[in-house]
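# Report on the structure
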Amino acid sequence: MRSPSTSLSRRGLLAGTAVASAATVTATVAAAPAVAGPLVRVAQPTVASDRIATARLAAPVALRTDLYERLGTWLAFWSANSPRGWSVPTELAGQADPAGEAFTLHAIRVVVDDQPVDAFRADRVDTAHLATLASLHHHFGQVTVAAGGGLRVLDGEPGFTGSAEQVAFAVAASRQLWGVRTADAATWRHRVGTADAASRAGWAAFTRTALRRGLRTDTH
């Protein structure tokens, strides 16, 4: 297929028990104070589906509910910032881990001029790859580049944490999308825009702009 891009819950349940003790011959009953039990993590239900938002999945997956919903929100965001000539995503290639707590993205397919096109492919190093990585960093707190270029996400709130993966992405985006060739781990955040790109609002703006620059939509 031809490419449209340019190469290059979390709930805790606190269990408590009240212990009653018989007091005296007058039958007065006193209740002991509640005792807090250990914090128990309640497993989320799993959603089995052959779609994420508008896109068919090349193979069905089973994902934890929150992760499945966040992926749908992410895909709508990616699509909203893609070129006007592209359709909404029609197909995704990816796989879930056995527990349904992580998803690795391999391809996003759209329709351009009535032809199916790989808008993103994991094995293709280009600006669309960096743009798609940016879009995932916008929506997920943990994003890694897997073997072969697949983009792996775990559910969790987005935001800059200073992880090695986030910094590596930020430096690459600064160099390749902003043209700041001398950007490094210590300087990138002060050389791309007017706000501190590592603040919460700054990270959201940085990843959004990186997506649009990578997909060549930052001029409209």
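Residues take numbers from 1 onward in each chain, read along the sequence in its written order. Under the rules for a predicted model, residues below a pLDDT of 70 receive no local features and side-chain atom pairs below 80 are neither given nor counted, while totals for whole chains, interfaces and linings still include all residues. Excluding hydrogens and water, the side-chain values take into account all heavy atoms of the structure.

### Observations concerning the side chain of S49
Secondary structure counts use DSSP, requiring at least four H or I residues in a row for a helix and at least two E residues in a row for a strand, with both numbered from the N terminus. With respect to the helices and strands, the residue S49 is situated in strand β5 (residues 46-52). Residue classification places S49 among the buried positions, given a relative accessible area of 16%. In this structure the side chain of S49 is engaged in a polar contact, spanning 3.3 Å, whose partner is the side chain of Y68. Between two residues, a contact is recorded if the distance between any of their heavy atoms is within 4.5 Å. If we skip the residues at most four places from it in the chain, S49 touches L57, P60, V61 and Y68. The buried label applies to any residue whose accessible area, calculated with a 1.4 Å probe on protein chains only, is under 20% of its type's maximum; exposed applies above 50%, and partly exposed to all values in between. By the criterion applied in these results, polar contacts are pairs of N or O atoms within 3.5 Å in which, for protein atoms, one can donate a hydrogen and the other can accept it, and in which residues neighboring in sequence qualify only through two side-chain atoms.

### Topic: the side chain of H139
Tracing the backbone shows H139 in helix α2 (residues 127-139). The buried category is assigned to H139, whose relative accessible area is 12%. Beyond its immediate stretch of four places on either side in the chain, H139 contacts R70, T73, W74, F77, G156 and P158.

### Topic: α2
Multiplying one less than the number of residues by 1.5 Å gives the expected span of a helix. The terminal C-alpha atoms of α2, which comprises 13 residues, lie 19 Å apart, in line with the 18 Å expected from a rise of 1.5 Å per residue. In terms of burial, α2 is a largely internal element, 13 of the 13 residues being buried.

### Remarks on the confidence of the model for the protein chain
As a per-residue quantity, pLDDT reports the predictor's confidence and falls between 0 and 100. Per-residue pLDDT for the protein chain has a mean of 83; in total, 80% of the residues score no lower than 70. Confidence scores differ between elements of the protein chain, with strand β1 (residues 12-17) showing the lowest mean pLDDT of 30 and strand β8 (residues 102-112) the highest of 98. Counting contacts from residues 5-41, a segment whose pLDDT is below 50, to residues more than four positions away or on other chains yields 51 contacts.

### Quick notes on the nonpolar core
By nonpolar core we mean a set of buried residues, namely Ala, Val, Leu, Ile, Met, Phe, Trp, Tyr and Cys, connected to one another through side-chain atoms within 4.5 Å. Core analysis: the biggest nonpolar cluster contains 50 residues, and W74, F103, W188 and F206 have the highest contact counts within it. Listed by contribution, the elements that provide at least two residues to this core are β6 (55-64), α1 (65-80), β8, β9 (115-121), α2, β11 (151-154), α3 (164-176) and α4 (200-214). Looking at this core element by element, the count peaks at 7 residues for α1.

### Thoughts on the packing of α2 against α4
Look at α2 against α4: their axes get within 8 Å of each other, and the N-to-C directions meet at 155°. Classified by the angle their axes make, α2 and α4 are roughly antiparallel. In the crossing of α2 with α4, the sense of the turn from one axis to the other is left-handed. Counting all contacts with α2, which are made through T127, A128, A131, A134, S135, H137 and H138, the residues of α4 involved are W203, A204, T207, R208, A210, L211 and G214. When residue character is reported, Ala, Val, Leu, Ile, Met, Phe, Trp, Tyr, Cys and Pro are called nonpolar, Asp, Glu, Lys and Arg charged, and the others, Gly included, polar. Looking at the contact of α2 with α4 residue by residue, the class counts come to 7 nonpolar, 6 polar and 1 charged. Each axis is a line fitted through C-alpha atoms, and for a helix only the stretch in contact is used; angles between axes span 0 to 180 degrees, taken between their N-to-C directions. Angle categories: roughly parallel below 35 degrees, roughly antiparallel above 145, roughly perpendicular from 65 to 115, and oblique for all the rest. Handedness of a crossing follows from how the near helix is turned relative to the far one, being left-handed for an anticlockwise turn of less than a right angle and right-handed for a clockwise one.

### Observations regarding the packing of α1 against α2
Between α1 and α2, the shortest axis-to-axis distance is 10 Å and the interhelical angle comes to 135°. What the angle tells us is that α1 and α2 run oblique. Between α1 and α2 lies a crossing of right-handed hand. Listed contacts from α2 to R70, T73, W74, F77 and W78 of α1 are T132, S135, L136, H138 and H139. When its residues are assigned to classes, the contact of α1 with α2 shows 4 nonpolar, 5 polar and 1 charged.

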